[in-house]
Amino acid sequence: MTIDDLGADVALGRPVRRVVSLVPSLTEAIAVSRPEILVAATVWCTHPDDLDVDRVRGTKNPNVRRIIELAPDLVVCNQEENRRIDVERLRDADIPVWVTKIETLAEGFASLRRLFTEALGGQVPDWLVEAESSWATPPPEPGRNTVIPIWRNPWMVVGHDTFTGDLAARLGLRLVHADRPGRYPHVAEDELTRDVELVLLPDEPYAFTRSDGPEAFPGLPVALVEGRSLTWYGPSLATARDTLTRQIGEAFVT
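Residues numbered from 1 in each chain as written. Predicted model: local features only at pLDDT ≥ 70, side-chain atom pairs only at ≥ 80, totals over all residues. Heavy atoms only, no water.

## Some remarks on the packing of helix H4 (residues 105-119) against helix H5 (residues 126-134)
Right, on to step 1. At their nearest, the axes of H4 and H5 sit 11 Å apart, and the two run at 165° to each other. Here H4 is positioned roughly antiparallel relative to H5, judged by the angle of their axes. Crossing of H4 against H5: the hand is left-handed. Across the interface between the two elements, Phe-109, Leu-112, Arg-113 and Phe-116 of H4 pack against Trp-127, Leu-128, Val-129, Ala-131 and Glu-132 of H5.
Right, on to step 2. Classifying every residue of the contact of H4 with H5 by side-chain character gives 7 nonpolar, no polar and 2 charged. (Axes fitted to C-alpha atoms, helices over the stretch in contact; angles between N-to-C directions. Helix = DSSP H or I, 4+ residues; strand = E, 2+ residues; numbered from the N terminus. Parallel < 35°, antiparallel > 145°, perpendicular 65-115°, else oblique. Left-handed = near helix turned anticlockwise from the far one by under 90°. Contact = heavy atoms within 4.5 Å. Nonpolar A, V, L, I, M, F, W, Y, C, P; charged D, E, K, R; others polar.)

## A short note on the sheet that holds strand S7 (residues 97-100)
Right, on to step 1. With parallel pairing, the 5 strands of this open sheet are ordered in space as S5-S4-S3-S6-S7. The open sheet terminates on both sides in strands that have one partner only, identified here as strand S5 (54-55) and S7.
Right, on to step 2. Taken together, the 2 bridges between strand S4 (residues 38-41) and S5 define a ladder with parallel strand orientation. Within S5, the position partnered with Ala-41 by the bridge is Arg-55.
Right, on to step 3. Packed on one face of the sheet, H4 meets strand S6 (74-78) and S7 and runs near 165° to S7. (Pairing = 2+ DSSP bridges.)

## Quick word on the packing of aromatic side chains
Right, on to step 1. Evaluation of the coordinates by the stated rule reveals 6 aromatic pairs.
Right, on to step 2. Considering the side-chain rings of Trp-155 and Phe-208, the 6.1 Å spacing of their centres and the 5° angle between planes classify their relative orientation as stacked. Here Trp-155 is found in the loop between strand S9 (149-151) and strand S10 (156-157), whereas its partner Phe-208 is found in the loop between strand S12 (198-202) and strand S13 (222-225), with 53 residues between them in sequence.
Right, on to step 3. Residue Trp-155 is classed as buried on the basis of its relative accessible area of 4%.
Right, on to step 4. On the accessibility criterion, Phe-208 (4% relative accessible area) is buried.
Right, on to step 5. An angle of 45° between the planes, with centres 4.6 Å apart, marks the rings of Tyr-206 and Phe-208 as tilted. Take Tyr-206 and Phe-208: they sit in the same class, and that class is buried. (Phe/Tyr/Trp six-rings, centres within 6.5 Å; stacked < 30°, edge-to-face > 60°. Buried < 20%, exposed > 50% of the residue type's maximum accessible area, 1.4 Å probe, protein only.)

## Some remarks on the nonpolar core
Right, on to step 1. Core analysis: the largest hydrophobic core is formed by 51 residues, its most contacted members being Val-19, Leu-74, Leu-120, Leu-167, Leu-200 and Leu-237.
Right, on to step 2. With near-sequence residues (within four places) excluded, Leu-200 lies in contact with Thr-146, Val-147, Ile-148, Pro-149, Leu-173, Ala-223, Val-225, Leu-230 and Ile-248.
Right, on to step 3. Grouped together as the second largest cluster of nonpolar side chains are 15 residues, Leu-22, Val-56, Leu-70 and Val-97 included. (Core = buried A, V, L, I, M, F, W, Y, C linked by side-chain atoms within 4.5 Å.)

## Some remarks on the sheet that holds S12
Right, on to step 1. Spatially, 4 strands are ordered S11-S8-S12-S13 in an open sheet, and the strand pairing comes out parallel. Of all strands in the sheet, those with a lone pairing partner are strand S11 (173-175) and S13, marking the two edges. For this sheet the average axis-to-axis angle between neighbouring strands, irrespective of direction, equals 35°.
Right, on to step 2. Bridge count between strand S8 (residues 144-147) and S11: 3 bridges; the pairing is parallel. Looking at S11, one finds that Thr-146 is bridged to Leu-175.
Right, on to step 3. Those strands touched by helix H8 (residues 237-251) are S8, S11, S12 and S13, and its axis lies near 150° from that of S13.

Below is the structure:
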C-alpha cells in the first residue's frame, strides 16, 4: 500500500503497466520518461507533440466509463485540476487513483519524485534532476512588482498559494495582487496596473498574443511567455528558468 499526496491509501499491483493521466503536466512527464506505460490522457494533454494514446475527454469531465474499460493499473490526477467526484467514481470501480497536490515548486519536485519512484516503481527521471539543479540558486535581487493575468473580460490574475506564484517568486517577481482573497482573484481594470513594474502574459489558459493583451498595459514592459514554462510541473521545468529569464529580459529591451 502506498500513500498519495493527499494521504489516501492507493493499492497498487506490481509492476504498473497501464497508466491513465488526467493532468497535462503529468501526462508529459510520464510520456517522456515511461512512454510504454501510458495508455490514455485527456484532450488537453498536448505534449509531447507526437503523443498517441487513447483520449478520455477533459480534465473536468473525463470519460469515467471509458477509463474503467481500459482497466488501468493507475490513474494519475491532481487536486486542483480534477474533480473529487471523478476520483471517487474511479475508486468505487476499484481503479487505483493517485492524486497529486502541487502548490509550490518544492512540492512539485517532491511529488514528481514520489510519483515515479513510489507510484510507478521506477527511477527518478534525468530531467527532474536537471530541473531541481536549475532552480536551486536564489532569485535575483531586487525583485520586480509583477502582474500575471490568466484571463480577461473579466481580468483574473495569479494570486497566493499557487504553483505559478511560487515559481514567479523564484524568478524575483513580486505579485502585486497576491494579498487579495482567492488564489486567482478578479481585478478591476482600473486596479490592474497599480504599482506594477512588469507584466507577464502567458499563452494559456487565455491565449494572450502580441495583438491581444499588451495594449491593456501601455507604458509597461510586457513579456509574452509560454504558459507551459510558467504553469506546468514536468520536463519543461528543466528549461523554464532560463527561458522565462530571457523572455523577461527581452521585455525591458526597447
